[in-house]
Amino acid sequence: MEFALDQPSSSDVTAIADLINAHSLALVGTRRALIDEDGDLRTTRYIPGAAEQMVVRNASGRVVGHVWRINRPPHVVVEIGLIVHPDCRATAVVDALLAHVEAQAGASLSLAPEGARVVLQTTVLADDHVLIALLHGRGFRQVREWVHFETLPAEAPVVDLPQGVTIREMDQRFDWPAVGAVMDEAFADHWGEMGPHVRTLLEEDKADEAIADGAEDEEGEEVGDDLYSNSLGLCFVAEADGQVIGSCLCNARTVEWPASGKLGSLSVLRPYRRLGVGRALTATALAEFHRRGIQRIITDTDNASFTGANRLYPRFGFRPYRYEHVYEKELRAGVEWRVLSPSDLRL
């Protein structure tokens, strides 16, 4: 059977959603993509707005594959995503797609700082044994595991505030600058991040991606409620001495399970960790889910988190229901710029 690689058009959005759903239904029995009321594609596995995308069409023009690639500054990690329809998972098709993105990534090596190590990275469902086998065959290796948790709490947890700390609902008209700065600093302690000493190189890309994603709201403007991302009334800010020290951003609905909520990004500044701030933020969010009658809540995190998130969630009754694996292939040897172990953190 003949296949062709092509640029996706606006009319391909529904076909891409159908492709992602056919793939996920075959692997995990759920749909992981939808078209929202604005006609936008929503996916469980986030596709960056600035990513370069391609589709694979069969001889009849049907979309049977989708691949995306993004190479953010400082260009030491080239991220890719790859989906092929379960009816067309011929090894040759998947292998050809991997060869295509590898060639593109290799052509952009000059963008990376001289002497820096560069890798090609993808995250796949642990159930996707066909793709995993092909990744191994092309020299990829597993470097990290992501765990997905769920909980069905029977009652709202008690919120135990640490001394001197207050928690309030986030005002998305005004709080984003402070919350964003705290998230950047806190997440610099995560595996794969660059750390504050090089994160300034990312600022230009963040601005470009915000434009690509349509996120150009001015401070003070009214914010519409997005049930799938940072939902109003489900985002919370922790403060101490009048300063933001942490946040918990949640979603009222998920793409995969419309009746389930998601406890999303949880961040706490390093000096305030191990004091109960993360527990208090989590309890506050779970209490609000309970008040709304949302009975099932999911979340996900690095299964060997340097900040202990993978140990925090089980204390609230969360249990694993799925795993994803991060695979990498070295494109160029050199000095590693990323935080890959706790010893890499600048304390």
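Residues numbered from 1 in each chain as written. Predicted model: local features only at pLDDT ≥ 70, side-chain atom pairs only at ≥ 80, totals over all residues. Heavy atoms only, no water.

A. Quick peek at the overall build of the protein. From N to C terminus, the protein includes seven helices and 14 strands. Taken over C-alpha atoms, the radius of gyration comes to 21 Å for the protein, in line with the 20 Å a tight globule of 347 residues would show. Going through the 347 residues of the protein one by one, you find that 49% of them count as buried. Of the contacts formed within the protein by residues at least 6 apart in sequence, a portion of 72% connects residues at least 24 apart. (Helix = DSSP H or I, 4+ residues; strand = E, 2+ residues; numbered from the N terminus. Rg over C-alpha atoms; globule rule 2.2 N^0.38 Å. Buried < 20%, exposed > 50% of the residue type's maximum accessible area, 1.4 Å probe, protein only. Contact = heavy atoms within 4.5 Å.)

B. Quick peek at a positive patch on the surface. On the surface, Arg274, Arg279, Arg311 and Arg315 cluster together into a patch of positive charge. Given a relative accessible area of 41%, Arg279 falls into the partly exposed group. (Patch = residues over 30% accessible without salt bridge, like charges linked within 9 Å, V, L, I, M, F, W, Y side chains within 5 Å. Areas by Shrake-Rupley, 256 points an atom, 1.4 Å probe, with all protein chains shown as cover. Salt bridge = Lys/Arg side-chain N within 4 Å of Asp/Glu carboxyl O. Lys, Arg positive; Asp, Glu negative; His and termini not counted. Charge placed at Lys NZ, Arg CZ, Asp CG, Glu CD.)

C. Broad picture of the packing of aromatic side chains. Summed over the entire model, instances satisfying the criterion amount to three aromatic pairs. For the ring pair Trp257 and Tyr321, a centre distance of 5.5 Å and an interplane angle of 75° mean the geometry is edge-to-face. With Trp257 in the loop between strand E11 (243-251) and strand E12 (261-268) and Tyr321 in strand E14 (residues 319-332), this pair connects stretches of sequence that are 64 residues apart. On the accessibility criterion, Tyr321 (24% relative accessible area) is partly exposed. With centroids separated by 5.6 Å and ring planes inclined at 65°, the aromatic side chains of Tyr313 and Phe318 adopt a geometry described as edge-to-face. We classify Tyr313 as buried; its relative accessible area is 3%. By relative accessible area, which is 0% here, Phe318 ends up buried. Taken together through their ring pairs, the aromatic side chains of Phe149, Tyr313 and Phe318 make up a single cluster. (Phe/Tyr/Trp six-rings, centres within 6.5 Å; stacked < 30°, edge-to-face > 60°.)

D. How the structure looks around helix H2 (residues 91-107). Relative to the 24 Å expected for 17 residues at 1.5 Å per residue, H2 spans 24 Å between its end C-alpha atoms, a close match to the ideal helical length. Within H2 the residues assigned to the buried category are Val93, Val94, Leu97, Leu98, Val101, Glu102 and Ala105. (Expected span 1.5 Å × (residues − 1).)

E. Examining the confidence of the model for the protein more closely. Mean pLDDT over the protein works out to 91, with 91% of the residues at or above the 70 mark. pLDDT under 50 marks residues 207-216. Its contacts with residues more than four places away, or in other chains, come to 15 contacts. (pLDDT = per-residue confidence, 0-100.)

F. Fine view of the side chain of Arg57. Examined against the element boundaries, Arg57 turns out to sit in strand E4 (residues 52-58). Within the structure, the side chain of Arg57 is placed 2.6 Å from the side chain of Asp12, a separation counted as a polar contact. Those residues in contact with Arg57, other than ones at most four positions away along the chain, are Glu2, Phe3, Ala4, Asp6, Gln7, Asp12, Arg62, Val63 and Val64. (Polar contact = N/O pair within 3.5 Å; in protein donor to acceptor, adjacent residues only side chain to side chain.)

G. Geometry of the nonpolar core. The biggest cluster of nonpolar side chains holds 40 residues, and the ones touching the most others in it are Leu263, Leu281, Tyr313 and Phe318. Only strand E8 (141-151), strand E9 (165-169), helix H4 (176-187), strand E10 (235-240), E11, E12, helix H6 (277-292) and helix H7 (309-312) provide two or more residues apiece to this core. Broken down by element, the residue count for this core peaks at seven residues, all from H6. Judged by nonpolar contacts, the second largest core, of 23 residues, contains Val101, Leu120, Val124 and Ile132. (Core = buried A, V, L, I, M, F, W, Y, C linked by side-chain atoms within 4.5 Å.)

H. Inspection of the pairing of strand E5 (residues 63-71) at higher detail. In terms of burial, E5 is a largely internal element, nine of the nine residues being buried. As defined by bridge partners, E4 adjoins E5 across six bridges and the pair is classed as antiparallel. Across the sheet, the residue bridging to Met54 is Val67, located in E5. Counting the residues that bridge the hairpin from E4 to E5 gives four residues, and of these Gly61 lies at a positive phi of roughly 90°. When E5 meets strand E6 (residues 77-84), the two strands line up antiparallel, connected through seven bridges. (Pairing = 2+ DSSP bridges.)

I. A look at H6. Helix length check: H6, at 16 residues, gives a terminal C-alpha distance of 23 Å against a target of 22 Å (1.5 Å per residue), a fit within 8%. Restricting attention to buried positions, one finds in H6 the residues Val277, Gly278, Ala280, Leu281, Thr282, Ala283, Thr284, Ala285, Leu286, Glu288 and Phe289. At its buried positions, H6 is contacted by E9, E10, E11, E12, strand E13 (297-302) and H7. Immediately downstream of H6, the backbone of Gly293 shows phi near 80°, a positive value.

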